[in-house]
Amino acid sequence: MKKSALQQARSAYQPKLPQVLKGAVKVVEGRPTQSVADQEEIKKLFPNTYGLPELTFEVAEGGAQGKPLNVGVILSGGQAPGGHNVISGLFDGIKSVNPDSRLYGFLMGPGGFVDHNYIELTSEIIDDYRNTGGFDIIGSGRTKLEKKEQFDKGLEILKELGITALVIIGGDDSNTNAAVLAEYYKQIGAGVQVIGCPKTIDGDLKNDLIETSFGFDTATKVYSEVIGNIQRDCNSAKKYYHFIKLMGRSASHIALECALQTQPTYCIISEEVEEKNLSLNDIIENIAQVIVARANAGMNYGTILIPEGLIEFIPAMKRLIAQLNDLLAEKAAEFGAIDNAAEQRAWIIEHLDKENAEAYASLPEGVARQLSLDRDPHGNVQVSLIETEKLLSEMVGKRLRALKEEGAYTGKFSALHHFFGYEGRCADPSNFDADYCYSLGFNAAQLIEAGVTGYMSSVRKLTLPAAEWVAGGIPVTMMMNMERRHGEMKPVIQKALVKLDGKPFLKFAEQRQNWASGVEFIYPGPIQYFGPTEVCDPTTMTLKYEHE
Ligand code: FBP
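The structure contained in this document is the topic of the report that follows. On a predicted model such as this, the values are computed, not experimentally measured, just so you know.

Looking at helix α6 (residues 148-161)
Note that an α-helix has 3.6 residues per turn; residues three or four places apart therefore point the same way. For α6, spanning 14 residues, the distance from its first C-alpha to its last is 20 Å, which sits close to the expected 20 Å at 1.5 Å a residue. Those residues of α6 that are buried lie in contact with β3 (70-75), β4 (102-106), α4 (110-114), β5 (118-120), β6 (165-170) and α7 (172-187). A positive backbone phi angle near 70 degrees is found at G162, which sits one or two residues after α6.

Some words on the side chain of N131
Positionally, N131 belongs in the loop between α5 (123-129) and α6. Not counting the four nearest positions on each side in its chain, N131 is found in contact with R10, S11, Y13, P15, N85, D428, P429 and A434.

Overview of the sheet that holds β4
Overall, mixed pairing links the nine strands, which are arranged β1-β2-β13-β12-β7-β6-β3-β4-β5 in an open sheet. Of all strands in the sheet, those with a lone pairing partner are β1 (25-32) and β5, marking the two edges. Averaged over all pairs of adjacent strands, the angle between strand axes in this sheet comes to 25 degrees, irrespective of strand direction. Across the sheet, α6 touches β3, β4, β5 and β6, and the angle it forms with β4 is around 155 degrees.

What about the nonpolar core?
Counting 71 residues, the largest nonpolar core has I87, L90, Y223 and L246 as the members making the most contacts within it. Of all the elements, helix α20 (residues 431-449) adds the most residues to this core, at 10 residues. In terms of nonpolar packing, the next biggest core, distinct from the first, is built from 48 residues, I287, V292, V396 and L403 among them.

Structural notes on the environment of G30
Along the chain, the position of G30 falls in strand β1. Between the C-alpha atom of G30 and that of L52, which follows or precedes it by 22 residues, the distance is 9.2 Å. Discounting chain neighbours no more than four positions away, the residues touching G30 are P53 and E54.

A few points about helix α11 (residues 280-296)
If you check α11, its first and last C-alpha atoms are 25 Å apart, about what 17 residues at 1.5 Å a residue would give, namely 24 Å. Of all the positions in α11, only L280, I283, I284, I287, A288, V290, I291, V292, R294 and A295 are classed as buried. Remark: G298 follows α11 within two positions and exhibits a positive phi of approximately 85 degrees.

Conventions used here
Residues numbered from 1 in each chain as written. Predicted model: local features only at pLDDT ≥ 70, side-chain atom pairs only at ≥ 80, totals over all residues. Heavy atoms only, no water. Helix = DSSP H or I, 4+ residues; strand = E, 2+ residues; numbered from the N terminus. Expected span 1.5 Å × (residues − 1). Contact = heavy atoms within 4.5 Å. Pairing = 2+ DSSP bridges. Axes fitted to C-alpha atoms, helices over the stretch in contact; angles between N-to-C directions. Core = buried A, V, L, I, M, F, W, Y, C linked by side-chain atoms within 4.5 Å. Buried < 20%, exposed > 50% of the residue type's maximum accessible area, 1.4 Å probe, protein only.

Structure below.
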């Protein structure tokens with residue numbers, strides 16, 4: 001494989017591990033856990049893996065060599081920087097238990113597991129991917145692992161290869177599936193442990209014991225770099241409003257973190273829109289008023305950050321999407337038989353209740369159509385395909401024209417559009433993500449050695465130096481509640497949304513008025529891998545404020 005100069009230099013980086021994982025460990029059991037909600041239902045669905053205790057590793061004396069471990073690994077869902085380091089940490093971790101341990105990677109996500117497509121990950125392969133971005137070492141996919149037939153089919157290949165533990169690196173949906181798989185294998189006595197690792201740039205897989213999902217740090221630094229560059233361009237030419245949509249399917253953690261890093265003119269936080277019961281028109285009016293005030297002060301330029309998931313948080317849209325989800329799940333065949341877009345639109349309007357039909361009919365055709373297209377395999381609307389940044393700028397432009405006619409606006413409005421998502425998902429991991437991911441993988445090997453199943457690898461106290469990080473595991477069932485998916489109630493990991501009473505949001509809310517009325521842009525610049533620790537190693541502002 002041909003490597004860039006940076007890649008060559010970076011491959012020599014030795015990720016930092018928590019001190020506790022550097023030698024033999026002992027397992028300390030904490031209190032038995034409860035799911036975050038719907039305890040009785042979740043307990044019934046997970047009789048073998050519900051209520052397990054939290055686990056923490058502590059340094060042990062001596063430590064004999066363990067038996068070789070045969071482990072399988074799957075990368076599931078959207079890419080996130082650091083996945084390769086989870087795998088290299090896992091590899092080094094199982095080799096530290098016994099040098100004869102073996103690691104198999106299932107290709108292109110959970111589909112590779114079901115279809116028996118795999119490779120053995122040797123040290124030659126692993127060494128080529130240390131500290132690199134991307135998931136290309138084995139590929140990723142979004143096949144939903146949920147049916148007994150898939151579990152049984154996967155078990156055949158695990159048995160054939162002598163694999164007794166499977167590590168699933170994924171977001172909330174994939175770790176939900178990991179928990180279901182762990183429960184099933186325990187129930188049938190398959191002799192296979194299942195361990196999850198918290199991955200997603202979206203940052204919405206977190207709680208007290210999973211302080212952040214991996215990839216969030218790097219992705220937000222990449223987006224902040226480019227937002228900063230745009231802001232400098234904007235401040236130089238002073239002639240454009242940049243509408244910048246940022247990835248993050250549901251929660252607005254990415255937008256909030258980027259706002260804290262770059263201090264844009266305006267940033268929408270979806271969770272606040274929902275809390276304040278704002279309509280699309282309210283959002284437009286708020287942006288238009290900021291633009292009018294800036295024009296009065298002689299500024300016809302600025303940056304506006306828009307979270308990708310916004311549409312689903314506007315209460316009227318949320319009700320519409322919920323009914324659409326059920327309708328399209330229940331009458332999939334009938335809807336699928338209509339092949340003309342205009343007739344599909346008419347069919348939908350006819351089948352929705354009055355309020356939702358009106359909301360649907362009022363949307364620009366492209367956006368309405370997006371809402372009725374295929375869901376991803378987990379039943380989610382594919383919000384990354386909806387061009388919210390264009391929708392908002394068009395509506396703002398229209399409102400400003402009306403204000404101009406009334407004589408209430410005298411400025412000039414020129415808009416440019418950007419969407420940052422895929423640009424950051426495969427970036428080379430920052431030092432933080434390189435260290436965190438390697439530790440998560442190494443720690444997963446210790447959970448396997450401890451013989452547990454249905455746990456997620458947990459490395460915490462992340463604002464301390466890596467040597468002082470705390471390592472252990474938390475039962476995945478602890479993070480679950482019941483939610484409606486594809487028209488049915490299902491156990492799923494509860495998404496962690498932006499907390500409006502949390503420090504990161506409060507810090508943002510405290511400053512945003514100044515950002516809107518002046519020019520307080522920050523230009524963070526690119527991720528640095530070599531240099532002083534205050535430049536190379538800081539965590540996200542979100543993590544910093546959450547821990548203050
Ligand atoms: P995960 O939840 O699987 O980590 O993926 C997150 C994400 O990057 C979202 O931010 C985005 O909406 C979605 O994936 C895009 O999906 P796809 O990769 O299928 O285009």
